[in-house]
Amino acid sequence: MDPGASAATLRKRAPLSVDTAAAIGFGSKEGGAVTAVEEEPVSPTGRLFREPSFRCHIVAVFGLAAPVDVPALRDGVAATLARHPRFCSVQVLDESKKDARPKWVRTVVNLDNHIVVPDLDPAATSADPDKALEDYVSSLSSRPMDHSVPLWELHVLDFPTAEAAAAVALRVHHSVGDGVSMLSLFMACTRSAADPEALPSLPPARRRAGPVHAVPRRPSGALLLDALAALAAWVVALLVLAWHTAVDVALFFATAASLLGDARTVLKGEEGTEFRPRRFVNRTLSLDDIKFVKNTMSCTVNDVLLGMTSAALSRYYFRKTGESDSKRVTVRSAVLVNLRPTPGIQTLASMMETSKDNGARWGNKIGYMLIPFHLARHDDPIEYVRRATKVARRKKSSMESVFTFWSGDMVLKLFGIKAAAALCYGMFTHTTLSFSNMVGPTEQVTFCRNPIVYIAPGTYGHPHALTIHYQSYMNNVKLVLSVDESRFPDCHQLLDDFAESLRLIREAASRKSEEAQDGTPIPSLGLRSCLGTE
């Protein structure tokens, strides 16, 4: 059964409208229309997502611990998401004016336009529920979104799968906000499972605090030398930062201008891949295993994820191509960096309670960063993490994302949205994949009193055939691949490559830890032999 066709059949329910415009005093209703409503310009990045080659959308699947109570869900959405300014606004463009720019205009939210309960074939959902869920969510990438209403939908998939009793899929146009903002907003709609009245908690910001020691008094001459040394170190660090930024920005623009590009490999999409349907597949990984590697290697969780990604892509590449062990390939990932301070969960919750703009900055303020992935065969799986750590530290010593945003903004102001879109399109088409990593709650949360068991976000609509997302939640990390199925028909095998790479890296880290404890060298079982046997 075609899930796309089945979605058109909805269960009949009484219509529910949320008059957000009238509730906050921005307009009056005449004949069902809202007049004299609040307007706000669409951000430059939001305008970019209106271009034909960047019709980007976010699709996030939330696994639930219990079947969906649809009336309670509708009431909960009406009191939260539907009251957020972006979720109760439409994009309006006055085409009668020359050089007119789209604006966000408040409107009335009719939940019947947004909450979708598809009438799926019970035989299909019971025979293979995981495939039925995957097929339906993937079919969303081939369905147009109605731009005459606020740009979001919540699809209710009320049947059990291997990981959850039910699921909901939230689809949002990317012009509404970036992934980090959207996750923060959704978390503001949830409550702690341990305390139904409390907002969820996110991991605290990492602090680099060392032990406190008593500082002995030193001669004034020594203090002066220390101050000069600190000043010299600061100047050197500033010069290094400036140099790295200049190099990275030059490489970025060389890539966007078609002067530099990744070689065509089995990982790179064909022309027009942004218009093809996407398949969303996911796998649950152990956050404890990732943290064990992090602690053993004295690096970060993001470093481990980058290393694991290099290892998995290497396994996939060498298996598909059969190339020799000495082959070295570098592919680059476009990483979108959110430069706007994300509003706190409490701030977003307050915004939805009042349906007023409380000063929280919202939208898309995105810079770009190009991250290289080195594909190779290493005897020691830990080598992938070591190299990824070096790449990450090098990128931290650069303001590439800030300058790419600023430069793109200048191109837009001087030459218009078409030129800015061409610049971004060149950057995407001359790199290989997209990569993101988002941090979720450390505790279980509930949505409309229903506990969430996993969070699986994905995107589609940009010119990459492969997009890799990592989303942490409780003790797990959900790996989500958004793929052009014509390019990756074996995407589930690619998922296996990620899981196997983490297993091998975790085992190698365990051996390294044991070796450090007893001082006895332990033979390495590297990825080279594993890659060669497949």
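Shown above is the structure to which this text applies.
Description of the structure in this document. Worth saying up front: this structure is predicted, and the values here are computed from it rather than measured.

**Comments concerning the overall build of the protein**
Then, number 1: When helices and strands are tallied, the protein shows 16 helices and 20 strands.
Then, number 2: Residue pairs in contact within the protein that sit at least 24 positions apart in sequence constitute 79% of those at least 6 positions apart.
Then, number 3: Carbon and sulfur atoms make up 56% of the accessible area of the protein, which totals about 24300 Å².

**Quick notes on the layout of surface pockets**
Then, number 1: In this structure, the second largest pocket encloses a volume near 410 Å³.
Then, number 2: Lining the second largest pocket are 22 residues, and of these Asp 130, Glu 134, Glu 163, Val 281 and Asn 282 sit closest to its centre.
Then, number 3: Among the secondary structure elements, those contributing two or more residues to the lining of the second largest pocket are β5 (57-64), α6 (129-139), β13 (278-286), β18 (450-460), β20 (476-484) and α15 (491-518).
Then, number 4: Broken down by element, the lining of the second largest pocket gets its largest block of residues, five residues, from β13.

**Points about the packing of aromatic side chains**
Then, number 1: For the structure shown, the criterion picks out 14 aromatic pairs.
Then, number 2: Ring centres of Phe 87 and Trp 152 lie 5.5 Å apart, and the angle between their planes is 50°; this geometry places the pair in the tilted category. Of this pair, Phe 87 sits in the loop between α4 (70-79) and β6 (89-92) while Trp 152 sits in strand β10 (residues 152-157), placing them 65 residues apart in sequence.
Then, number 3: Residue class for Phe 87 comes out buried when judged on its relative accessible area of 0%.
Then, number 4: Measuring from ring centre to ring centre gives 5.8 Å for Tyr 316 and Phe 488, while their planes differ by 35°; the resulting arrangement is tilted. Note that Tyr 316 is positioned in helix α10 (residues 301-321) and Phe 488 in the loop between β20 and α15, a separation of 172 residues in sequence. This pair shows no difference in class: Tyr 316 is buried, exactly as Phe 488 is.

**Observations concerning the nonpolar core**
Then, number 1: Grouped together as the largest cluster of nonpolar side chains are 50 residues, with contacts concentrated most on Leu 466, Ile 468, Tyr 470, Leu 479, Leu 481, Phe 488 and Phe 498.
Then, number 2: Here this core gets ten residues from one element, more than from any other, and that element is α10.
Then, number 3: Filtering out sequence-adjacent residues up to four positions away, Leu 481 remains in contact with Arg 279, Phe 280, Val 281, Leu 466, Thr 467, Ile 468, Cys 491, Leu 494, Leu 495 and Phe 498.
Then, number 4: Counting residues in hydrophobic clusters, the runner-up holds 41 residues, among them Val 77, Val 156, Leu 170 and Met 438.

**Some points on the packing of helix α13 (residues 400-415) against helix α14 (residues 417-429)**
Then, number 1: One can describe the packing of α13 onto α14 by two numbers: an axis separation of 7 Å at closest approach and a directional angle of 145°. Here α13 contributes Gly 408, Val 411, Leu 412 and Phe 415 to the contact with α14, which in turn contributes Ile 417, Ala 419, Ala 420 and Leu 423.
Then, number 2: Of the residues in the contact of α13 with α14, the class split is seven nonpolar, one polar and no charged.

**Description of the sheet that holds strand β4 (residues 39-41)**
Then, number 1: Strand order in the open sheet formed by three strands is β4-β7-β6, with antiparallel pairing between adjacent strands. The strands lining the two open edges of the sheet, one partner per strand, are β4 and β6. Put simply, the sheet's adjacent strands are angled 30° from each other on average, direction ignored.

**Examining the environment of Ser 175**
Then, number 1: With respect to the element layout, Ser 175 can be found in the loop between β11 (166-173) and α7 (179-188).
Then, number 2: A polar side-chain atom of Ser 175 sits 2.7 Å from a polar atom in the side chain of Gln 91.
Then, number 3: Within the structure, Ser 175 has its side chain in polar contact with the side chain of His 173 (distance 2.8 Å).

**As for the pairing of strand β7 (residues 103-106)**
Then, number 1: Alignment of β4 against β7, held across three bridges, turns out to be antiparallel. Within β7, the position partnered with Glu 40 by the bridge is Trp 104.
Then, number 2: With four bridges joining them, β6 and β7 adopt antiparallel strand pairing. The residue bridging Val 90 from the neighbouring strand is Val 105, located in β7.

**Focus on the packing of helix α9 (residues 287-297) against α10**
Then, number 1: Closest axis-to-axis distance for the α9/α10 pair is 9 Å, and the angle between their directions is 105°. By the angle between their directions, the pair α9 and α10 is classed as roughly perpendicular. In contact with Ile 290, Lys 291, Val 293 and Lys 294 of α9, α10 contributes Val 301, Val 304 and Leu 305.
Then, number 2: Taken together, the residues of the contact of α9 with α10 sort by class into five nonpolar, no polar and two charged.

**Regarding the state of the cysteines**
Put plainly, two cysteines are in a disulfide when a covalent bond ties their sulfur atoms together.
Then, number 1: Scanning the model with the defined rule gives zero disulfides in all.
Then, number 2: A disulfide-free cysteine, Cys 448 has its sulfur positioned 8.3 Å from the sulfur of Cys 189, the nearest such atom.

**Section: empty space enclosed by the protein**
Then, number 1: Here the structure, examined in full by the defined rule, presents two cavities of 30 Å³ or more.
Then, number 2: In this structure, the largest cavity spans a volume of roughly 190 Å³.
Then, number 3: Around the largest cavity, the lining is made up of 14 residues, and of these Thr 45, Leu 48, Gly 408, Asp 409 and Cys 424 lie nearest the centre.
Then, number 4: No other element matches the five residues that α13 contributes to the lining of the largest cavity.
Then, number 5: Looking at the lining of the largest cavity residue by residue, the class counts come to ten nonpolar, three polar and one charged.
Then, number 6: A volume near 90 Å³ is recorded for the second largest cavity.
Then, number 7: Lining the second largest cavity are Leu 306, Ser 310, Ile 371, Pro 372, Phe 373, His 374, His 378, Tyr 384, Arg 387, Ala 388 and Val 391.
Then, number 8: Counting residues per element, the ones that place at least two in the lining of the second largest cavity are α10, β15 (366-375) and α12 (382-396).
Then, number 9: The residue makeup of the lining of the second largest cavity, split by class, is seven nonpolar, three polar and one charged.

**Regarding the environment of Gly 416**
Then, number 1: Positionally, Gly 416 belongs in the loop between α13 and α14.
Then, number 2: Here the alpha-carbon distance between Gly 416 and Asp 99, two residues 317 residues apart in the chain, equals 9.4 Å.

**Quick word on the pattern of salt bridges**
Then, number 1: A complete count under the given rule lists 28 salt bridges for this structure.
Then, number 2: Note that Arg 386 is salt-bridged to Glu 383, the shortest N-O span being 3.1 Å. Placement of the pair is Arg 386 and Glu 383 together in helix α12, with a separation of three residues, close to one helical turn.
Then, number 3: Arg 386 gets classed as partly exposed once you look at its relative accessible area, which sits at 31%.
Then, number 4: The network of salt bridges with common partners includes Lys 131, Glu 134, Asp 135, Arg 279 and Glu 485.

Parameters and conventions
Residues numbered from 1 in each chain as written. Predicted model: local features only at pLDDT ≥ 70, side-chain atom pairs only at ≥ 80, totals over all residues. Heavy atoms only, no water. Helix = DSSP H or I, 4+ residues; strand = E, 2+ residues; numbered from the N terminus. Contact = heavy atoms within 4.5 Å. Areas by Shrake-Rupley, 256 points an atom, 1.4 Å probe, with all protein chains shown as cover. 1 Å grid on protein atoms, 1.4 Å probe; cavity = no way out; pocket = protein on both sides within 12 Å on 5 of 7 lines; lining within 4 Å. Points joined across faces, edges and corners; volume = space filled by probe spheres on them. Phe/Tyr/Trp six-rings, centres within 6.5 Å; stacked < 30°, edge-to-face > 60°. Buried < 20%, exposed > 50% of the residue type's maximum accessible area, 1.4 Å probe, protein only. Core = buried A, V, L, I, M, F, W, Y, C linked by side-chain atoms within 4.5 Å. Axes fitted to C-alpha atoms, helices over the stretch in contact; angles between N-to-C directions. Nonpolar A, V, L, I, M, F, W, Y, C, P; charged D, E, K, R; others polar. Pairing = 2+ DSSP bridges. Polar contact = N/O pair within 3.5 Å; in protein donor to acceptor, adjacent residues only side chain to side chain. Parallel < 35°, antiparallel > 145°, perpendicular 65-115°, else oblique. Disulfide = S-S within 2.5 Å. Salt bridge = Lys/Arg side-chain N within 4 Å of Asp/Glu carboxyl O.

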